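# Architecture and fold: a report
Chain by chain, the residues run as shown.
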Amino acid sequence: MSELTLRDLPDALLSALRRRAARRGRSLEDEARAIVEAAVRVEKSPALGSLLIDVGRDLRITDEEVALLHQRDRSLPREVAFE
């Protein structure tokens, strides 16, 4: 595994990180690792809108096709009877 060294951390930041680790029952190193993992995990999750835009580009959806989607029936669905 690789290592990461953080230099010149302000004393107040390091103290806050130590307190946070203690509250969670973790070592300072484990807490720092958890914070970095959480930050990276957030970056990996693109917004739904961004994903839909990418899908539209990949499928080469035209403006005319988008206009057709806006014309769809927006009424509430009717109840279905299975008797």
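Look up a bit, the structure's there.
Residues numbered from 1 in each chain as written. Predicted model: local features only at pLDDT ≥ 70, side-chain atom pairs only at ≥ 80, totals over all residues. Heavy atoms only, no water.

This structure, assessed with the given rule, holds 6 salt bridges. Across the salt bridge formed by Arg20 and Glu31, the nearest N and O atoms sit 2.5 Å from each other. Here Glu31 lies in helix H2 (residues 28-44) and Arg20 lies in helix H1 (residues 11-23), a separation of 11 residues in the sequence. We classify Glu31 as buried; its relative accessible area is 0%. Salt bridges sharing partners connect three or more residues here, namely Arg20, Arg24, Arg26 and Glu31. (Salt bridge = Lys/Arg side-chain N within 4 Å of Asp/Glu carboxyl O. Helix = DSSP H or I, 4+ residues; strand = E, 2+ residues; numbered from the N terminus. Buried < 20%, exposed > 50% of the residue type's maximum accessible area, 1.4 Å probe, protein only.)

Attention shifts here to unusual backbone geometry. Phi at Asp8 takes a positive value of approximately 55°, unusual for a residue other than glycine. With respect to the helices and strands, Asp8 occurs in the segment before H1. The residue Arg60 is not glycine, and still its phi comes out positive at about 55°. Structurally, Arg60 can be placed in the loop between helix H3 (48-59) and helix H4 (63-70).

The grouping of Leu4, Leu6, Leu9 and Leu13 at the surface amounts to a nonpolar patch, some 400 Å² of accessible area in total. Relative to the helices and strands, Leu9 is located in the segment before H1. For Leu9, a relative accessible area of 32% gives the class partly exposed. (Patch = residues over 30% accessible without salt bridge, like charges linked within 9 Å, V, L, I, M, F, W, Y side chains within 5 Å. Areas by Shrake-Rupley, 256 points an atom, 1.4 Å probe, with all protein chains shown as cover.)

With 12 residues, H3 ought to run about 16 Å at 1.5 Å a step, and its terminal C-alpha atoms sit 16 Å apart, in line with that. Immediately beyond the C-terminal end of H3, within one or two residues, lies Arg60, with a positive phi of roughly 55°. (Expected span 1.5 Å × (residues − 1).)

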